[in-house]
Amino acid sequence: MESKTLVRSGFICNLIACILNGIAMATPFWIESWHRLASRRFEKAGLWEFCFNSFQVPMDPSFISYVGCWWVFSPYYYSIRTYLMPYWFIVVQWVSCLVFIFLILSLLLQICYLCEKFSSWRNLIILRVCSGFLMTGACLEACVVMIFGLAYRFDRTWVHRYEHSFLSWSYGFATMSVFFALFAGIFYIITAKNYRRKGKHLQEPIDKTVQMQHTYQ
């Protein structure tokens, strides 16, 4: 497979991973209650939004009922924010943001590479940095998916009831983004190895060194 085909395939995979990750972060469909339930107090939740229907926090002395979909940092949820956002949930939120930044940075670097404005050895650096961002992002997002899935299954103190809810399509998008980022990273690792094998990245520094030596002589 030619290097250009690998690079383009990596770019497409990276773009898909970025889109999937962005949609997953922006939508409140990581968990949903079963629609067949007659009374759904908890409706759905994402990383940044929770939706309730007359939901009351257990053991809450104020007996406030929460209705509608609200941003997790809304003043409406101020009194129950620690209940909505346990420590593992906060980790999932900010690691997801970090992964999204990695995917965006790798996309920008790939655009620079595809524009063919840089020398061979700089292109090699771009390929290595891109593969590093992508592989790191894939590993971190895999951790996010596993932590969220395990907490959904075993954290009985959180808002949802495991037996009345399910992991929805936003969670599936986050899971798929892991594989697309992983594939993109592999494509760029292979491309970087091909560059090194051909020795293209060495040519320009050597030429510059020779020119400088002739100049000083």
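Going by the structure above, here's the rest.
Residues numbered from 1 in each chain as written. Predicted model: local features only at pLDDT ≥ 70, side-chain atom pairs only at ≥ 80, totals over all residues. Heavy atoms only, no water.

Q: What am I meant to see in the packing of aromatic side chains here?
A: Any two aromatic rings considered together are summarised by their centre-to-centre distance and by the angle between their planes. Tallying each qualifying case throughout the model produces 24 aromatic pairs. Judged by centre distance (5.4 Å) and plane angle (70°), the rings of Trp71 and Phe73 are edge-to-face. Under the relative-accessibility criterion, Phe73 is labelled partly exposed at 27%. The interplanar angle of 40° and the centroid separation of 5.5 Å between the aromatic rings of Tyr76 and Tyr77 together place this pair among those described as tilted. Under the relative-accessibility criterion, Tyr76 is labelled partly exposed at 29%. Taking the relative accessible area as the measure of exposure, Tyr77 reaches 0% and is therefore buried. The ring of Phe154 carries the charged tip of Arg153 above its face, separated from the ring centre by 5.3 Å. (Phe/Tyr/Trp six-rings, centres within 6.5 Å; stacked < 30°, edge-to-face > 60°. Buried < 20%, exposed > 50% of the residue type's maximum accessible area, 1.4 Å probe, protein only. Lys NZ or Arg CZ within 6 Å of the ring centre and 35° of its normal.)

Q: Hey, could you run me through the side chain of Ser96 in this one?
A: Here Ser96 lies in helix α3 (residues 87–114). Exposure remark for Ser96: the relative accessible area of 1% places this residue in the buried category. In this structure Ser96 touches Asn21, Met25, Leu47, Glu141 and Val144, once residues within four positions along its chain are discounted. (Helix = DSSP H or I, 4+ residues; strand = E, 2+ residues; numbered from the N terminus. Contact = heavy atoms within 4.5 Å.)

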